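Survey of secondary and tertiary structure
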Amino acid sequence: MKKEIIISGFGGQGVLSMGKILAYSALMEGREVSWFPAYGPEQRGGTANVSVIISDQRISSPIVSTFDTAIILNQPSLQRFEPSIRPGGILLYDPYGISTPPLRNDIHICRINAMDVAAEMNNVKAFNMIVLGALLKVMPIVTLENVITALRKTLPERHHHLIPLNEDALRKGMEQVTPILNP
């Protein structure tokens, strides 16, 4: 098993954190992992993406040009990465930052209204955990329990009081994701 995932959006949306937690969760499950972030000079507001490779075999290179799965959180990321999803792959997106929705009919397209759910929770910082929860539902590559453990290990201790909120956000993302629309 080998999954090559790109997560892309604006800086400040938790893109890099989402990738880090996903990668850490896979490490705890004994998998080989690559976490390769890329962002512009502005960490907040500029574009950011991270590729995460999770495999049962050794990973030869962290650089990938096509992906099994793309998590897209804004229009520039959709334009850049939609063509890079392999046929039969998964595109998971939040429509809040998308003016023109995905167009391909040879991939599975899932929508999560994560920004709306975060607003209902009165916590926009939960946005990335809602999206990660949706990914776990669509592609259960790691367990929810390991994601929660990864949160405990990666969040600074002063933020551990937020773990129940993040766990709730993960579960809401799993509940709210729309079904796969294509193939």
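Placed above this text is the structure.
Note that the structure is a prediction, hence the values are computed from the model and not measured. (Residues numbered from 1 in each chain as written. Predicted model: local features only at pLDDT ≥ 70, side-chain atom pairs only at ≥ 80, totals over all residues. Heavy atoms only, no water.)

Quick look at the packing of helix 1 (residues 15-28) against helix 4 (residues 127-138)
- Helix 4 packs onto helix 1 with a crossing angle of 45° between their chain directions and a minimal axis gap of 9 Å. The angle between helix 1 and helix 4 places the two elements in the oblique class. Here helix 1 runs over helix 4; the crossing is right-handed. On the side of helix 1, the interface is formed by Ser-17, Met-18, Ile-21 and Leu-22, while helix 4 contributes Asn-128, Met-129, Val-131, Leu-132 and Leu-135. (Axes fitted to C-alpha atoms, helices over the stretch in contact; angles between N-to-C directions. Helix = DSSP H or I, 4+ residues; strand = E, 2+ residues; numbered from the N terminus. Parallel < 35°, antiparallel > 145°, perpendicular 65-115°, else oblique. Left-handed = near helix turned anticlockwise from the far one by under 90°. Contact = heavy atoms within 4.5 Å.)

A few points about the sheet that holds strand 5 (residues 85-93)
- With mixed pairing, six strands are arranged side by side in an open sheet as 2-3-1-4-5-6. Two strands close off the open sheet at either side, each with one partner strand: strand 2 (32-39) and strand 6 (108-111). Along the sheet, successive strands turn relative to each other by an average axial angle of 15°, direction set aside.
- As judged from the nine bridges shared by strand 1 (residues 2-10) and strand 3 (residues 47-55), these two strands associate in the antiparallel manner. Across the sheet, the residue bridging to Ile-5 is Val-52, located in strand 3. (Pairing = 2+ DSSP bridges.)

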